[in-house]
Amino acid sequence: MELPRVVLTGMGGVTPIGIGIGPIWESACAGRSGIGPITLFDVSDQPCRIAGEVRGFEPARYMPPKHVKRMDDFARYAVAAAVLAVEDAQLPITPENSRRIGVLLGNNNGGARTIFRTVTSFNADGPSGVSPFYITAITSNMAPAQVAIRLQVRGPNFTIGNACASGLNAIGEAWRYIRDGICDAILAGGSDALIDPTEIAGFSNSRAVSLRNDEPERASRPFDRDRDGFVLSEGAAMAVVESLEHARARGARIYAEILGYATGSEAYHIAAPLPDGVGVAACMQAALDSAGARPEDIDYINAHATSTTLGDLNETQGIKLVFGKHALRCAVSATKSMTGHLIGASGALETLITAKTLETGVITPTINLDNPDPECDLDYVPHTARRADARYALTNSFGFGGANASLVLRRWDE
């Protein structure tokens, strides 16, 4: 029996470069950075004082005000992104079809901000300083649960916690659920809100983040010789993933088709990748095999590319292993150069950017690539967006603990 084909029909996001797919895409094409000084708390004693904050977000536009008070930001962002994606897809949700629609959401740390604030209140005021909504605000499943409550979706509903690969895993697993006939549509993506004093201090002390505090917009610089770490960001990105039959039956607009997906563990180290790109190469190759695609079919790669010294080199090495000579002809770009690293939401946001690239024929740039690393020598689309006839694309997400995921998409032209 032929398996169902799977397509993307809706997109929504709450990010440092915009809220809604229109503003996000416009900023990405313009090479506009969303990185700036941290304003959420006092950072005068922090080594790192920059991040990609979400600005201008009004949660009450997307959910009842009484619900807003009971959520951490990671759930607020997820609900808003899901509402925007459903609106973009014009997906009807009714009592009759709600059990055939699911929510899969990638998340790294649950309600980290609420945990920090509550521990601070507890230390100052004792048990009376703890909100009765504390537990239900911090659990990592609360983002997809709140999405389901807001949109009355009753299908499969759970969180995928797989570090920086979480959001891409959620979209890939949605592809599997639909191919298996379990759902007709799934709201899939990721959300994280980790900009708090302990997260910033922890990433700083582990020497993972950029300390380019005086030039925040230039701090995230994947593949550049002078890169010094990633920039922590926050937000959510959600997609409507749907069977082609279901999408066609309701006359939906289609952004792109999902052809294949792979995920796996390097089983090597909690923070470092397998040497020479071997681990990430295995994941990319498995995704191509899943899609029935050849390396030379791929016109564009949206790289994980966090702006760390080891990670960017390792991904470059992995691309060369898989693509051989074609690696030099294939365009590669890094969304994180503009957005910073949204952790559990990053792979989902980059999937949306990749789908828009296939739809529009515009490859978004890698900004801040002023002095290319001699060992990172691929075509990273530096500084400005580029027109390209891209039919097939691959997007990567790699996380702590050796968590890898890759997804293959095809331009919709049928």
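This structure is a prediction, so every number in the text was calculated from the model and none was measured. (Residues numbered from 1 in each chain as written. Predicted model: local features only at pLDDT ≥ 70, side-chain atom pairs only at ≥ 80, totals over all residues. Heavy atoms only, no water.)

**Digging into the overall build of the chain**
Next, step 1: What the chain contains, in helices and strands, is 13 helices and 15 strands.
Next, step 2: Over its C-alpha trace the chain gives a radius of gyration of 20 Å, about what one expects of a compact globule, namely 22 Å for 414 residues.
Next, step 3: Expressed along its principal axes, the backbone C-alpha trace of the chain runs to roughly 65 × 55 × 40 Å.
Next, step 4: Burial status across the chain gives 62% buried among its 414 residues.
Next, step 5: Pairs at least 24 apart in sequence give 79% of the contacts found in the chain among residues at least 6 apart. (Helix = DSSP H or I, 4+ residues; strand = E, 2+ residues; numbered from the N terminus. Rg over C-alpha atoms; globule rule 2.2 N^0.38 Å. Buried < 20%, exposed > 50% of the residue type's maximum accessible area, 1.4 Å probe, protein only. Contact = heavy atoms within 4.5 Å.)

**Description of the pattern of salt bridges**
Next, step 1: All chains considered together, the criterion is met by 27 salt bridges.
Next, step 2: With a closest N to O distance of 3.2 Å, Arg221 and Asp224 form a salt bridge. Both residues of the pair, Arg221 and Asp224, count as buried.
Next, step 3: With a shortest N-O distance of 2.8 Å, Asp297 and Arg294 are connected by a salt bridge.
Next, step 4: Overall, Arg294 belongs to the partly exposed group, its relative accessible area being 49%.
Next, step 5: Through salt bridges with shared partners, one network takes in Arg212, Glu215, Arg218, Arg221, Asp224 and Asp370. (Salt bridge = Lys/Arg side-chain N within 4 Å of Asp/Glu carboxyl O.)

**A word on the packing of aromatic side chains**
Each aromatic ring pair is characterised by the separation of its centres together with the angle its planes make.
Next, step 1: Under the counting rule described, the total for this entry stands at six aromatic pairs.
Next, step 2: With a centroid separation of 6.1 Å and 55° between ring planes, the pair formed by Phe158 and Tyr177 is classed as tilted. You can see Phe158 sitting in strand β6 (residues 157-160) and its partner Tyr177 sitting in helix α7 (residues 166-179), a full 19 residues away along the chain.
Next, step 3: Residue class for Phe158 comes out partly exposed when judged on its relative accessible area of 29%.
Next, step 4: With a centroid separation of 6.4 Å and an interplanar angle of 75°, the aromatic rings of Trp175 and Tyr261 are classed as edge-to-face. Linking Trp175 in helix α7 with Tyr261 in strand β9 (residues 256-265), this pair joins segments that are 86 residues apart in sequence. In this pair, the class of Trp175 matches that of Tyr261, namely buried. (Phe/Tyr/Trp six-rings, centres within 6.5 Å; stacked < 30°, edge-to-face > 60°.)

**Some details on the environment of Ala236**
Next, step 1: By the secondary structure assignment, Ala236 is in strand β8 (residues 235-243).
Next, step 2: Here the alpha-carbon distance between Ala236 and Gly172, two residues 64 residues apart in the chain, equals 17 Å.
Next, step 3: If sequence neighbours within four positions are ignored, Ala236 has contacts with Gly12, Gly13, Val14, Thr15, Tyr77, Ala78, Ala81, Gly190, Ser191, Leu342 and Ala345.

**Points about the nonpolar core**
Next, step 1: Within the largest apolar cluster, 48 residues are counted, with the highest numbers of intra-cluster contacts made by Leu8, Val241, Ile258 and Leu409.
Next, step 2: Those residues in contact with Leu8 that sit more than four places away from it in its chain are Ala239, Val240, Val241, Arg253, Ile254, Tyr255, Ala256, Ile258, Thr351, Ala355 and Leu409.
Next, step 3: Within the second largest apolar cluster, 34 residues are counted, among which are Leu84, Ala85, Ala143 and Ala236. (Core = buried A, V, L, I, M, F, W, Y, C linked by side-chain atoms within 4.5 Å.)

**Brief notes about the side chain of Gln46**
Next, step 1: Position of Gln46 among the secondary structure elements: in the loop between β3 (36-37) and β4 (50-51).
Next, step 2: With relative accessibility at 9%, the residue Gln46 sits in the buried group.
Next, step 3: Excluding residues that lie within four positions of it along the chain, Gln46 makes contacts with Phe41, Pro197, Ile200 and Ala201.

**Examining helix α1 (residues 21-30)**
The periodicity of an α-helix, 3.6 residues per turn, causes residues three or four places apart in sequence to face the same way.
Next, step 1: Turning to α1, its buried residues are Ile21, Ile24, Trp25, Ser27 and Ala28. Relative to the axis of α1, the buried residues are bounded by an arc of 165° and lie together on one face.
Next, step 2: For α1, the elements touching its buried residues are β1 (6-15), β2 (18-19), α3 (73-89), α12 (336-339), α13 (346-360) and β12 (362-363).
Next, step 3: Downstream of α1 by a residue or two, Gly31 has a phi angle that is positive, lying close to 65°. (Arc of directions from axis to C-beta.)

**Concerning the environment of Ile353**
Next, step 1: Tracing the backbone through its elements, the reader meets Ile353 in helix α13.
Next, step 2: Sequence separation between Ile353 and Thr364 is eleven residues; the distance between their C-alpha atoms is 8.0 Å.
Next, step 3: Among residues more than four places away in sequence, those in contact with Ile353 are Ile24, Trp25, Ala28, Asn302, Thr335 and Thr364.

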